[in-house]
Amino acid sequence: MSLLQISEPGMSPEPHQRRLAVGIDLGTTNSLVASVRHSLPEVLDDEAGHSLLPSVVRYREDGSVEVGEAAARQAAADPHNTIVSVKRFMGRGLADATRVPSPYRFVDAPGMVRLQTRAGEVSPVEVSAEILRVLRERAEQTLGGELVGAVITVPAYFDDAQRQATRDAARLAGLNVLRLLNEPTAAAVAYGLDSAAEGIYAVYDLGGGTFDISVLRLSRGVFEVIATGGDSALGGDDFDRRIVDWALGETGLDAATLDGHDLRALLDAARRAKEALTEAETVTFAVQLSSANRVSLPLSRARFESLTRDLLERTLLATRRALRDARLKPEGVAGVVLVGGSTRMPQVSRAVSEVFGRAPLTGLDPDRVVALGAAMQANLLAGNRAAGDDWLLLDVIPLSLGLETMGGLVERVIPRNSTIPVARAQEFTTFRDGQSAMAIHVVQGERELVADCRSLARFELRGIPPMAAGAARIRVTFQVDADGLLSVSARETTSGVEASVVVKPSYGLGDDEIATMLQAAFGNAQADVQARALREQQVEADRLLEAVDAALQADADLLGADERAALDALITRLRGARESAELPALRAATDSLARGTELFAERRMDRSIARALTGRRIGELGN
């Protein structure tokens, strides 16, 4: 009998297991994974007890990859190979990526921008996949099994290309995406279900790289988004850069002459100063540059707020626009929920209070609330329904979808803030006599000209019967699924000829690239299996050692001197095997200790039974 076979009252294994699913907040600065356990959502910690995983990936000299805190510590020393805030580059081209100075070496690839590292050219999708892989492994180790899927949150203002890039990254990380969920909606789910709130609420979400504002109606388990807005290129990173620009101006240094090490050191120092100003009125912005220049400047909170006032005003403009779209005045909003670590800046809560005429709600941690809401949705989609789980999400599409018409104009088919999933159709016709084909160009955006919108896809409808110009009737149907991803079909109504496309944005990865990356992952599958087996065995060894230690503290007197010495030798052997990380030796040492404690376990059981029977009559035992 092994010690681990003894369960305390009420702690025996459940007769059936729930389907394991998680919610993941893939953030610009930090990422989290959460799951519903014992009917409550909770953020899952790593082995060190940390819940936040810095969204930082470093490609090392030996070919391995570091993710999280260890990578973040090397960002200033190894800036070209340590990728920070990769979320800003998801689904983006070179022009977007180089909008502000950074230490990275970008490659203008046909499609999404790539970054040059010692590992070669890497896509933001591959970098994000490394972060998601660590979160997946953390969840599987904590929950004790494989995941059936994950709900991954994205900024509400992410366009189709950015959403597809996020889904591609999840595939590379070995995750089955149950749904892509807008971050403000996830926060509203967590807040609404936690507080049983009803009415109209606004979610102000200022993260490290993106800003979103969403207005939702919460009513009897229905979460309906009625308007959304924001800026996918505005976040806490921009506030950091304002401090760097100020410091360079004060010292007379030129950003163009600084190398990647100095740029990263300045950005890290700016982030630390910004965080310190949350509590302090004045801090010292200090950094040692590789050029032997040392920057040391006093920075007051008032000065910082002055430097970033226009950034904050951009968020407020988007907030007022979302209220107009929802046909609401600020007093019609029951409460405002702050989401994202950047909302900890005092000027943010003060400005939001002025706009809405009330203090923001602070019942949930702004860093965790998105992951918690995603976990609730993942649990529901995995089929783990329980009493009170009958709630419904009605999200919206953040940007209008339409087609290019003659003259380079945009004809909107699905306007922004339409509830998803949604399908809408519109009829078009030919421009010339005898026209037998039509080129269909799908675009996304709010501008009137195609040149000012983002191109999503192109396809052709061929086989149109020759007719006079304007006689043909081509019905184009747009369908947007619950993830906000689009498919488009076109049909000529008289002949029935049809063509369709599942939109794979030009800024996303091609299926062949995904297949190549997946094949590379499969090539390491055996090594991954071995690593997983070793980790599981280490966990088993740790549990056994903890159980034996607890048993010895309680009942060591049940062992003779020779028996105790033999048991101590088995413990020492297992601890040594645990450190050596050799799977066969670890498995053998674990089995030996389990067998070596069987007699001890029997004696403990006998003592437990004897204590339970002490003072009781034979006749009482049948009652």
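Being a predicted model, the structure only gives us computed values, none of them experimental.

Sheet faces and side chains relate simply in a regular strand, where the side chains alternate between the two faces. Taken across its 6 residues, strand β12 (residues 177-182) has 5 buried, putting it largely inside the fold. Taken together, the 5 bridges between strand β11 (residues 149-154) and β12 define a ladder with parallel strand orientation. Looking at the pairing, Thr-153 lines up with Leu-181 of β12. A crossover connection joins β11 to the parallel β12 through helix α4 (residues 160-172); in handedness this β-α-β unit is right-handed.

The packing of two helices is summarised by the inter-axis angle and the distance between the axes. Two elements in contact, helix α9 (residues 309-325) and helix α10 (residues 346-356), have axes separated by 11 Å at closest approach and are oriented at 30°. Classified by the angle between their axes, α9 and α10 sit roughly parallel to one another. The handedness of the crossing between α9 and α10 is right-handed. From α9, Leu-312, Leu-316, Thr-319, Arg-320 and Leu-323 reach across to α10, where they touch Gln-347, Val-348, Ala-351, Val-355 and Phe-356. Looking at the contact of α9 with α10, its residues break down into 7 nonpolar, 2 polar and 1 charged.

So, on to the pattern of salt bridges. For the coordinates displayed, the defined rule picks out 38 salt bridges. For Arg-136, the salt bridge goes to Glu-137, with nearest N and O atoms at 4.0 Å. In this structure Glu-137 comes out as partly exposed when scored by relative accessible area, which is 34%. The salt bridge involving Arg-136 is made with Glu-140; its shortest N-O contact spans 3.7 Å. Placement of both Arg-136 and Glu-140 in helix α3 (residues 124-143) is noted, with a separation of 4 residues, approximately one turn of the helix. Through salt bridges with shared partners, one network takes in Arg-58, Arg-60, Glu-61, Glu-66, Asp-78 and Arg-118.

It is worth spelling out the sheet that holds strand β7 (residues 82-84) at this point. Read from one edge of the open sheet, 3 strands run β6-β5-β7, paired in antiparallel fashion. Lying at the two open borders of the sheet, with one neighbouring strand each, are β6 (65-67) and β7. Across the sheet, the mean angle separating the axes of adjacent strands is 15° when strand polarity is ignored. The sheet contacts of α3 involve β5 (56-59), β6 and β7, and relative to β5 the element is tilted by about 110°.

Cut-off values and rules
- Residues numbered from 1 in each chain as written.
- Predicted model: local features only at pLDDT ≥ 70, side-chain atom pairs only at ≥ 80, totals over all residues.
- Heavy atoms only, no water.
- Buried < 20%, exposed > 50% of the residue type's maximum accessible area, 1.4 Å probe, protein only.
- Helix = DSSP H or I, 4+ residues; strand = E, 2+ residues; numbered from the N terminus.
- Pairing = 2+ DSSP bridges.
- Right-handed = clockwise from strand over helix to strand, strands pointing away.
- Axes fitted to C-alpha atoms, helices over the stretch in contact; angles between N-to-C directions.
- Parallel < 35°, antiparallel > 145°, perpendicular 65-115°, else oblique.
- Left-handed = near helix turned anticlockwise from the far one by under 90°.
- Contact = heavy atoms within 4.5 Å.
- Nonpolar A, V, L, I, M, F, W, Y, C, P; charged D, E, K, R; others polar.
- Salt bridge = Lys/Arg side-chain N within 4 Å of Asp/Glu carboxyl O.

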